[in-house]
Amino acid sequence: MPESASVLEMRGVDKSFGPIDVLHEISLKVNEGEVLCLLGDNGAGKSTLIKTLSGVHQPTRGEMLMDGKPVNFVRPKDAQDMGIATVHQFGGTYPLMSIGRNFFAGAEPTRGWGPFKVFDRRKANAIAVEQVRKFGITGIDDGDRLVGGLSGGERQSLAIARAVYFGARVLILDEPTAALGVKQAAHVLRIVNEAKRRGLAVVFITHQVMHAMAVGDHFTVLIRGAIAADFRKGEKTREEIADLMAGGESMADLEADIEGYMETHEGHPPPPVH
C-alpha cells in the first residue's frame, strides 16, 4: 500500500491513567482496503488501544493522524464524525427493537411535515434489509423482525452494514467472532472481507489466530501494552503468531488497578504522566 493510502495512524502513543502506564510507544497505520489485525491475549491492552483510536481515551503522549493530518478526538463523537465506527460484540444492538429501528437509531427517516412528522417505518425497513443483504446475509428479509431473534453473526452484520451506510471509513471490530459458532463466525469473516473489498480500512481485534489469518493483511501483536511484533500476511505461521501472543504476562492486576483509579477519581480526568 502506498503511504498516501493511510487513513488512520498512531505515532508513538502512550496512555497512562495517573501513575499506571497502559500503552507504550504504539505506532501503527490503518490503510484503505486493508484489514489490520490487532492480536493479543486477554489483558494485552487491546481494549485501551481501540478506545484511544475511537476517542474514548485521549493519548497521554504521542499523536494521532487522519489522512496524514493531526487530529484530537476529545470524545467518541469526534471520531464518529471523522468516519471512525466501532462495532462491539453483538453489534451494540437493541434486542427489543426492530431491525429497521436499530439500523436508524438516532437518525430515523421521517415522513409528513412540521409537527406531523412520524417515523417512516416502511422506508427504514426497506433500506435496512437491502443494506444487510448487500453483505450477503440473505436470511434477513423482514425489517420489523426483532433484533433479539437474530443470531450473533446476523447482529454483527446489521451493525457493520449500518456503519458502512452512514459513511464509515474506518471500521473497528472488537472481538466480532468471540462466542460465535463456526457458521456464525464464518458469516462475520465474509462480511469483513466484503468491507475490505469496498475500500474500508478495518481494524480487527481478536485473540483467535485462525480468524485473523482468514481476513488479515497486516498484523500487530500486543503484549503488556506494547507492540511485540508487526508483520504482513504470509510472513509468519499460525504457530509463530500463537507463540508470540503467549509471550506476555496477564495484565489482570493492572486492569484492576485502573478500575480502582477511575472509581477513586470519578469525574476527574487522570493527570498526564511525564
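Being a predicted model, the structure only gives us computed values, none of them experimental.

Attention now moves to the pairing of strand S4 (residues 61-66). Bridge count for strand S1 (residues 6-17) against S4 is five bridges, and the pairing is antiparallel. Across the sheet, the residue bridging to methionine 10 is methionine 64, located in S4. In terms of strand pairing, S4 meets strand S5 (residues 69-71) through three bridges, oriented antiparallel. The partner of methionine 64 across the bridge, within S5, is valine 71. Counting the residues in the hairpin turn of S4 and S5 gives two residues, including aspartate 67, whose phi is positive at 55 degrees.

Further remarks concern the sheet that holds strand S9 (residues 170-174). In spatial order, the strands read S6-S9-S10-S3-S11-S12; together these six strands make up an open sheet with mixed pairing. Where the open sheet ends on each side, the last strands, each with one partner, are strand S6 (84-87) and strand S12 (226-232). Direction aside, the axes of adjacent strands within the sheet are offset by 15 degrees on average. Its contacts with the sheet place helix H5 (residues 152-165) against S6 and S9, and it is angled at close to 175 degrees to S6.

Closest axis-to-axis distance for the helix H4 (residues 121-134)/H5 pair is 9 Å, and the angle between their directions is 105 degrees. Overall, the two elements H4 and H5 adopt an arrangement that is roughly perpendicular. For the pair H4 and H5, contact is made by Ile127, Gln131 and Val132 and by Leu158, Ala161 and Tyr165, respectively. Along the lines of polarity and charge, the residues of the contact of H4 with H5 split into five nonpolar, one polar and no charged.

Attention now moves to the pattern of salt bridges. Evaluation of the coordinates by the stated rule reveals 13 salt bridges. Measuring nitrogen to oxygen at the nearest pair gives 4.0 Å for the salt bridge that ties glutamate 175 to lysine 46. Taken together, the residues glutamate 175 in the loop between S9 and helix H6 (182-197) and lysine 46 in helix H1 (residues 46-53) connect sequence positions 129 residues apart. Lysine 46 shares its class with glutamate 175; the two are buried. For arginine 238, the salt bridge is made with glutamate 239, and the minimal N-O distance between the two is 3.6 Å. Shared partners join several salt bridges into a network, and the residues in it are Glu9, Arg11 and Glu63.

A word on H4. Over its 14 residues, H4 extends 20 Å from the first C-alpha to the last, a length consistent with the 20 Å expected when each residue adds 1.5 Å. Among the residues of H4, those classed as buried are Ala124, Asn125, Ile127, Ala128, Val129, Gln131 and Val132. Packed against the buried residues of H4 are helix H3 (99-103), strand S8 (118-119) and H5. Phi turns positive, to about 85 degrees, at glycine 136, one or two residues after H4.

Take the sheet that holds strand S2 (residues 20-31) next. Overall, antiparallel pairing links the four strands, which are arranged S2-S1-S4-S5 in an open sheet. Because the sheet does not close on itself, it has two edges, and the strands there are S2 and S5. Here the strands of the sheet are splayed against their neighbours by 30 degrees on average, with no regard to which way each runs. As defined by bridge partners, S1 adjoins S2 across eight bridges and the pair is classed as antiparallel. Following the sheet pairing, leucine 8 is matched in S2 by valine 30.

This paragraph deals with the packing of aromatic side chains. Overall, the coordinates contain seven aromatic pairs when judged by the stated rule. The interplanar angle of 80 degrees and the centroid separation of 5.9 Å between the aromatic rings of phenylalanine 104 and tyrosine 165 together place this pair among those described as edge-to-face. Taken together, the positions of phenylalanine 104 in the loop between H3 and strand S7 (110-111) and tyrosine 165 in helix H5 put the pair 61 residues apart, joining distant regions of the chain. Given a relative accessible area of 34%, tyrosine 165 falls into the partly exposed group. Aromatic side chains phenylalanine 104 and phenylalanine 166 sit 5.8 Å apart centroid to centroid with 85 degrees between the ring planes, which places their arrangement in the edge-to-face category. One end of the pair, phenylalanine 104, is in the loop between H3 and S7; the other, phenylalanine 166, is in the loop between H5 and S9, with 62 residues separating them in the sequence. Using a relative accessible area of 4% as the deciding quantity, one classes phenylalanine 104 as buried. Three or more aromatic residues link up through ring pairs in this structure, and these residues are Phe103, Phe104, Tyr165 and Phe166. It is arginine 101 that lies over the ring of phenylalanine 119; its NZ or CZ is 3.8 Å from the centre. One cation-aromatic arrangement involves arginine 198 over phenylalanine 135; the distance from NZ or CZ to the ring centre is 4.2 Å.

Reading the values: the criteria
- Residues numbered from 1 in each chain as written.
- Predicted model: local features only at pLDDT ≥ 70, side-chain atom pairs only at ≥ 80, totals over all residues.
- Heavy atoms only, no water.
- Pairing = 2+ DSSP bridges.
- Helix = DSSP H or I, 4+ residues; strand = E, 2+ residues; numbered from the N terminus.
- Axes fitted to C-alpha atoms, helices over the stretch in contact; angles between N-to-C directions.
- Contact = heavy atoms within 4.5 Å.
- Parallel < 35°, antiparallel > 145°, perpendicular 65-115°, else oblique.
- Nonpolar A, V, L, I, M, F, W, Y, C, P; charged D, E, K, R; others polar.
- Salt bridge = Lys/Arg side-chain N within 4 Å of Asp/Glu carboxyl O.
- Buried < 20%, exposed > 50% of the residue type's maximum accessible area, 1.4 Å probe, protein only.
- Expected span 1.5 Å × (residues − 1).
- Phe/Tyr/Trp six-rings, centres within 6.5 Å; stacked < 30°, edge-to-face > 60°.
- Lys NZ or Arg CZ within 6 Å of the ring centre and 35° of its normal.

Geometric values such as these leave the question of function open.
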